[in-house]
Amino acid sequence: MKTLLLGITLFVSALFPTCARCAAANPALEVVVLGSGGPRPFGRGGSSFIVLLDGTPRILVDAGPGAFLRIGELGLDLDNVDTVLLTHLHIDHSGDLAAFFNARALSADGPIVYRIFGPDGAGQFPKTSRFVDLLVGQGGAFEYQKTFGADESFTVRDLPIALDSPRSKIVDEKGLVVEEIATHHGDCPSVAYRISYKNAVVVFSGDMDASALPNLAQLAKSADLLIFNCAVLDPPASPSQLYDLHTPPKKIGEAARDSGVKSLLLSHLAPDVLSRDDAVRKSIRASYAGPVAFASDKLRVPVGRQATE
Ligand SMILES: [Zn+2]
């Protein structure tokens, strides 16, 4: 806890240009929390993160409502963000995607080539390639966006959603490796992601119920930071139907222990979870001894430094 908080403090302060020492010490891999809430509106953005490599924003992980606002508040430079990882297509994770495209295009110097990853479709949920088409493709709601500010093109890959699908590598270039594995989030297809860069590793659980924990634990093995969406309390404190969608704190702690992650950041926080943060922490502590912190919007987290600071 102490070491993670120290790292967080250092890099929140690194947002300000007057801190020359911090600015010169950009870690290889960082995460900026754009939205730590969702889906209820209570002052936090829906789930969204920006991943920075060597201090440069490069990867958008989910695009919940509020991401656009936080990007502007932080003054993030989007010029090199070309990769989008969507854990699933619920509104609280994807509602600002078109707004992100719009924001990115307005400061672009030339054509933008996006690569987008997200789950395959099932039931009411379109596959990710169809989702992007429905937004900005021919006949899509915001078709104009493809040439608004900059010419945009999209390569979209639909990822397997069966729980027995093998973990797969979807990006491997210049030291950056992104891997994914299917999870389970009720009837909504979902995946988790692992990002590795220069010996630092962060894993994003997305929203998932406990049935997918073996997959998550495998993907998160020995990661420096696991960002786990913590939307419910331990049973029976939350509505029973939510346990078919989300993993309770006790099992989050067990997953962190089983995967051997070095630190844990809880996000996608709900008001009742926040009001009982001590109980949540205690429940996780029953299994997991590493640093545990609660996310907030605009939090900046260096990855891989917690163990040394
Ligand atoms: Zn959600």
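Residues numbered from 1 in each chain as written. Predicted model: local features only at pLDDT ≥ 70, side-chain atom pairs only at ≥ 80, totals over all residues.

**Description of the overall build of the protein**
When its secondary structure is counted, the protein shows ten helices and 14 strands. Computed over C-alpha atoms, the radius of gyration of the protein comes to 18 Å, within 12% of the 19 Å expected from 2.2 N^0.38 for 309 residues, which places it in the range of a compact globule. By principal-axis analysis of the C-alpha atoms, the protein measures approximately 55 × 50 × 35 Å. Split into buried and exposed, the 309 residues of the protein put 48% on the buried side. Taking contacts inside the protein between residues at least 6 apart in sequence as the whole, the part at least 24 apart equals 67%. (Helix = DSSP H or I, 4+ residues; strand = E, 2+ residues; numbered from the N terminus. Rg over C-alpha atoms; globule rule 2.2 N^0.38 Å. Buried ≥ 20, exposed ≤ 12 C-beta atoms within 10 Å, placed from the backbone. Contact = placed C-beta atoms within 7 Å.)

**A short note on the sheet that holds strand E4 (residues 83-85)**
Taking strand neighbours across the sheet as the criterion, the seven strands line up as E6-E5-E4-E3-E2-E1-E14 in an open arrangement whose pairing is mixed. Across the chains shown, the open sheet's two edge strands, defined by having one partner strand only, are strand E6 (152-159) and strand E14 (300-302). The average angle at which neighbouring strand axes cross in this sheet is 20°, direction not considered. Sheet topology places strand E1 (residues 29-35) next to strand E2 (residues 48-53); six bridges connect them, and they run antiparallel. Its bridge partner being in E2, Leu29 is matched across the sheet by Leu53. Along the sheet, helix H3 (residues 67-74) contacts E1, E2 and strand E3 (56-63); its crossing angle with E1, the most-contacted strand, is approximately 125°. Against the sheet, helix H5 (residues 97-106) engages E3, strand E5 (112-119) and E6, with an angle of about 160° to E3. (Pairing = 2+ DSSP bridges. Axes fitted to C-alpha atoms, helices over the stretch in contact; angles between N-to-C directions.)

**Some points on unusual backbone geometry**
For the peptide bond that leads from Gly38 to Pro39, omega is 0°, which places it in the cis range. Here Pro39 lies in the loop between E1 and E2. Here the amide bond leading from Pro235 into Pro236 is cis, since omega sits at 5°, within 30 degrees of zero. You can see Pro236 is positioned in the loop between strand E11 (225-229) and helix H8 (249-259). Backbone geometry at Lys174 places phi at a positive 50°, although glycine is not the residue there. Residue position: Lys174 is located in the loop between strand E7 (168-173) and strand E8 (176-182).

**Describing H5**
Along H5, the residues classified as buried are Leu97, Phe100, Phe101 and Arg104. Down the axis of H5, the buried set is contained in an arc of 100°. They therefore lie on one face. Buried positions along H5 lie against E3, H3, helix H4 (91-94), E5, helix H6 (128-136) and E6. (Arc of directions from axis to C-beta.)

**Quick look at the pairing of E6**
Here E5 pairs with E6 via eight bridges, running parallel. For Tyr114, the partnering residue across the bridge sits in E6 and is Phe154.

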